[in-house]
Amino acid sequence: MAFEPGKIYAVWLREVKRFTNSKARIVSSLGQPILFLVALGGGLSAMLPGFNYLAFILPGIMAMTVMFTSIFSGVSIIWDREFGFLKEMLAAPTSRETIVLGRILGGATTAVFQGTVMFILGMLFTGVPIPPLMGIIGIFVLMTIFSCYLVAAGIAIASVVQEVETFQLLMNFLVMPLFFLSSALFPINQMPSWLQDISGLNPVSYAVDGMRGMLIGTSTFTIAYDFGVSLAVLLVAFLAASYFFNKTSI
Amino acid sequence: MDAVVVEKLEKKFNGFTAVDKISFNVKRGELFGFLGPNGAGKSTTIYMLTTLIAPTSGTANVNGFDIRTDSEAVRKSIGIVFQDPTVDIRLTAYDNLDIHGRLYGMAAQARKERIREVLELVELTEWKDKMVKTFSGGMRRRLEIARGLLHTPEVLFLDEPTLGLDPQTRRHIWQYIEKLRKGGIAMMLTTHYLEEADYLCDRVAIIDHGRIKALDTPRNLKGIIGGNIIRIEAREPQKLAEMLKKNGCCKAPKVEGTIVSFEVKEGGKLVPKIMSAASKAGIDVENIEMRMPSLEDVFIHYTGTSIREEKGAGGDMMMRRRARGF
Ligand SMILES: Nc1ncnc2c1ncn2[C@@H]1O[C@H](COP(=O)(O)OP(=O)(O)OP(=O)(O)O)[C@@H](O)[C@H]1O
Ligand SMILES: [Mg+2]
């Protein structure tokens, strides 16, 4: 595999341009998390005096934003196949790994941008104190790793599944469970034990846990452990994306 | 070495043979045509030559590189205009070209220069900053051609470049293709429009059911038919055909409805003879027509069916194109 930065940039550029060209996509991907934050956070906070639930779910909501955009971005290879652009990429003198890498970075850029918007909104309206600089950097790095592995997972799935009809199905039966069966909305150590088990197997839990630790100082695992698990998942997801995308045809 | 050298190239899809061990060459600077009805195997051949699908057996060299073992070098040498649209409609025309140039590793200066050139060639300069989703089908097609040429390929593949376009736009695209030919690039074009193959191509291969049935210049292909085609419209076509066979005017007249048609060496002398023979036998001739053979006749000669009979399916393809291009 040759390292082709110019070509990786080309694939990245396309992802980012498509994103900035579509105002609707930007707005719609922020609408749902804001709704969650306001309705769920606001509502439950009132019922749980003495516990800043809003602060607790802010990292979960940021993760949700990142998840939607990342997986959507990876899985949208299905649409590229349907609308033909995949042929343009596969016919170019560009290695498959380059395409995978460019898409991961492009998808992560748009997703982290939106996660950042949620972060800023959260700082402004939830009363969570602004974390120290090291914490902010850590949150960004973890959010980026998280986003990259989700895009990669999306690419791997889209390379195997290929049918447009399954797109919605995937979004509902993959993204929703990953989100709800994680530590995004509830503290793991207060869940019933069966849910704790599931949530412990769900990589999303670790990304959320790490971000929460760095944002408000409470976490179930150590930050290092959260990073470790997330990096391991990224490696596996990247290898899977490369492997399956390499096998894909027009 | 020729631009494209194809040897016994074969593609099977789950036992179904789409391309059946075909061989041909495309010379440097030549415009080579692949003429065949829907499902003949044209696109499948293009996909193999452009390394997008692997052949079942046989091989081909494109610009001197083996499509099986040297796909990266092949890809660098070629430009492709696919049958189905492949531009990104959510990007501007300029961005589509820019990203293509980057994917092909073009340096910044050369890329900008070439984008300007190809936009001018297909007359889209004014539209360069518009989103492609606002383009008409013809404009999108022109953009695809511009993109296929951007990285100055040695060989250009055009898979049905004018499918679904109106006659005026089609002529327009023919003009670009002719301009390119003057520039000396080798081109391989597929089509199921007879006029297109006839008008544009230096040599034409007639392909049907995955096999090449004939391959020559349009002129020579038409020469195979011999002299002329005679078509007679008569009230009693069967009787007329019998008579013509008996008096030696022709060997194998074909009867379709009220039309009797056949191929002859020299039609000019035969027409008066037929007319007088018919009136002697008391057969009414409504209309008699003599013409030079077209590629349509050549096609029928080799495949036994008219390429136009496939029109229904062709219409479908156009519908799909439009639906997808949305
Ligand atoms: N991926 C595939 N799987 C199975 N069969 C296929 C596949 N691709 C093509 N075929 C079959 O191979 C044959 C040749 O198809 P191809 O697309 O090459 O035809 P074509 O000459 O390009 O036709 P058209 O003018 O309609 O574009 C057809 O019968 C088609 O159904
Ligand atoms: Mg085709």
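Remember, it's a predicted structure, so these values are computed and weren't measured experimentally. (Residues numbered from 1 in each chain as written. Chains lettered and ligands numbered in written order. Predicted model: local features only at pLDDT ≥ 70, side-chain atom pairs only at ≥ 80, totals over all residues. Heavy atoms only, no water.)

## Here's the deal with the domain arrangement of chain B
Okay, step 1: Taken as a whole, chain B is organised into domain 1 (4–222) and domain 2 (227–292).
Okay, step 2: Centre-to-centre, using C-alpha coordinates, domain 1 of chain B lies 43 Å away from domain 2 of chain B. (Domains from an automatic or database assignment.)

## Topic: the packing of helix H2 (residues 23–47) of chain A against helix H3 (residues 53–75) of chain A
Residues and elements named next belong to chain A.
Okay, step 1: Two elements in contact, H2 and H3, have axes separated by 10 Å at closest approach and are oriented at 155 degrees. On the basis of the axis angle, H2 is roughly antiparallel to H3. Along this stretch, H2 crosses H3, giving a crossing that reads as right-handed. Facing H2, whose interface residues are Arg 25, Ser 29, Leu 30, Gln 32, Pro 33, Phe 36, Leu 37, Leu 40, Gly 41, Gly 42, Leu 44 and Ser 45, H3 presents Tyr 53, Leu 54, Ile 57, Leu 58, Ile 61, Met 64, Thr 65, Phe 68, Thr 69 and Phe 72.
Okay, step 2: For the contact of H2 with H3, the residue count by class is 14 nonpolar, 7 polar and 1 charged. (Axes fitted to C-alpha atoms, helices over the stretch in contact; angles between N-to-C directions. Helix = DSSP H or I, 4+ residues; strand = E, 2+ residues; numbered from the N terminus. Parallel < 35°, antiparallel > 145°, perpendicular 65-115°, else oblique. Left-handed = near helix turned anticlockwise from the far one by under 90°. Contact = heavy atoms within 4.5 Å. Nonpolar A, V, L, I, M, F, W, Y, C, P; charged D, E, K, R; others polar.)

## A few points about the site of ligand 1
Residues and elements named next belong to chain B.
Okay, step 1: As a structural note, the neighbourhood of ligand 1 is formed by 13 residues, with Asn 38, Gly 39, Lys 42, Ser 43 and Thr 44 the closest of them.
Okay, step 2: Separating an oxygen atom of ligand 1 from a side-chain N or O atom of Thr 44 is a distance of 2.5 Å.
Okay, step 3: Gln 83 has a polar side-chain atom sitting 2.8 Å from an oxygen atom of ligand 1.
Okay, step 4: Elements represented by at least two residues in the shell around ligand 1 include exactly strand S2 (16–26) and helix H1 (42–49).
Okay, step 5: At 3 residues, the largest contribution of residues to the shell around ligand 1 is made by H1.
Okay, step 6: Looking at the shell around ligand 1 residue by residue, the class counts come to 5 nonpolar, 6 polar and 2 charged. (Near = heavy atom within 4 Å. Polar contact = N/O pair within 3.5 Å; in protein donor to acceptor, adjacent residues only side chain to side chain.)

## Remarks on the environment of Ala40(B)
Residue and element names in this part refer to chain B.
Okay, step 1: Tracing the chain through its elements places Ala 40 in the loop between strand S3 (31–35) and H1.
Okay, step 2: Given the relative accessible area of 1%, Ala 40 is considered buried.
Okay, step 3: Separated by 26 residues in sequence, Ala 40 and Asp 66 place their C-alpha atoms 24 Å apart.
Okay, step 4: Residue contacts for Ala 40: discarding those within four places in its chain leaves Ala 18, Ile 207, Asp 208, His 209 and Gly 210. (Buried < 20%, exposed > 50% of the residue type's maximum accessible area, 1.4 Å probe, protein only.)

## With respect to the nonpolar core
Across soluble globular proteins, you tend to see nonpolar side chains buried next to one another.
Okay, step 1: Counting 104 residues, the largest nonpolar core has Phe146(A), Val4(B), Phe24(B), Leu49(B) and Phe157(B) as its most contacted members.
Okay, step 2: When residues of this core are assigned to their parent elements, the largest contribution, 15 residues, is made by H3(A).
Okay, step 3: If we ignore the near neighbours within four places in the chain, the residues touching Phe157(B) are Val4(B), Ile46(B), Leu49(B), Thr50(B), Val62(B), Ile78(B), Gly79(B), Ile80(B), Val81(B) and Met188(B).
Okay, step 4: Ranked by size, the runner-up nonpolar core spans 47 residues in total, among them Val87(B), Met106(B), Leu200(B) and Ala214(B). (Core = buried A, V, L, I, M, F, W, Y, C linked by side-chain atoms within 4.5 Å.)

## A word on the interface of chain B and chain A
Okay, step 1: Listed by partner, the interface residues are 28 residues for chain B and 25 residues for chain A.
Okay, step 2: Between chain B and chain A, a total of about 2500 Å² is buried, with carbon and sulfur atoms accounting for 58% of that surface.
Okay, step 3: Of all residues in chain B, the largest losses of buried area upon contact with chain A belong to Arg75(B), Arg102(B) and Leu103(B), amounting jointly to 25% of the total for that side.
Okay, step 4: Across the contact surface, chain B and chain A share 4 salt bridges.
Okay, step 5: Linking chain B with chain A are 11 residue pairs in polar contact (both at pLDDT 80 or more), by the criterion used here.
Okay, step 6: Broken down by secondary-structure element, the contributors of at least two residues to the side of chain B that touches chain A are helix H2 (71–77) and helix H3 (93–103) of chain B.
Okay, step 7: When the residues that make up the side of chain B that touches chain A are grouped by side-chain class, the tally is 13 nonpolar, 4 polar and 11 charged. (Buried area = accessible area lost by both parts, 1.4 Å probe. Salt bridge = Lys/Arg side-chain N within 4 Å of Asp/Glu carboxyl O.)

## Here we look at the side chain of Thr303(B)
All names here are of chain B.
Okay, step 1: When you line up the elements, Thr 303 lands in helix H11 (residues 295–303).
Okay, step 2: According to the relative accessible area criterion, Thr 303 is buried, its value standing at 17%.
Okay, step 3: A polar contact of 2.8 Å, which involves the side chain of Thr 303, links it to the backbone oxygen of Phe 299.
Okay, step 4: In terms of polar contacts, Thr 303 uses its side chain to reach the backbone carbonyl oxygen of Thr 305, at 3.0 Å.
Okay, step 5: Dropping the residues within four chain positions of it, Thr 303 is found in contact with Ile 206, Asp 208 and Lys 213.

## A look at the coordination of the magnesium ion (ligand 2)
Residues and elements named next belong to chain B.
Okay, step 1: Every protein donor of the magnesium ion (ligand 2) is accounted for by Ser 43 (OG) and Gln 83 (OE1), and the metal-donor separations fall at 1.9 to 2.0 Å. Here Ser 43 is found in helix H1, whereas its partner Gln 83 is found in the loop between strand S6 (78–81) and H3, with 40 residues between them in sequence. Assigned by exposure class, Ser 43 and Gln 83 land together as buried. (Donors = N, O, S within 2.8 Å, 3.2 Å for Na, K, Ca; no water.)

## Side note on the packing of aromatic side chains
Okay, step 1: The full count for this structure, using the stated rule, is 17 aromatic pairs over all chains.
Okay, step 2: Each ring, one from Phe179(A) and one from Phe180(A), has its centre 5.2 Å from the other, and the planes form 70 degrees; the classification is edge-to-face.
Okay, step 3: The class of Phe179(A) is buried, set by a relative accessible area of 3%.
Okay, step 4: Ring plane angle 50 degrees and centroid distance 5.2 Å describe the contact between Phe24(B) and Phe34(B), whose orientation is recorded as tilted. Placement of the pair is Phe24(B) in strand S2 and Phe34(B) in strand S3, with a sequence separation of 10 residues.
Okay, step 5: By way of ring pairs, the aromatic residues Tyr206(A), Phe221(A) and Tyr225(A) are connected into one cluster.
Okay, step 6: The ring of Phe245(A) has Arg96(A) lying over it, and the distance from NZ or CZ to the ring centre is 5.8 Å.
Okay, step 7: Its end group placed over the ring of Tyr193(B), Arg170(B) keeps NZ or CZ at 3.8 Å from the ring centre. (Phe/Tyr/Trp six-rings, centres within 6.5 Å; stacked < 30°, edge-to-face > 60°. Lys NZ or Arg CZ within 6 Å of the ring centre and 35° of its normal.)

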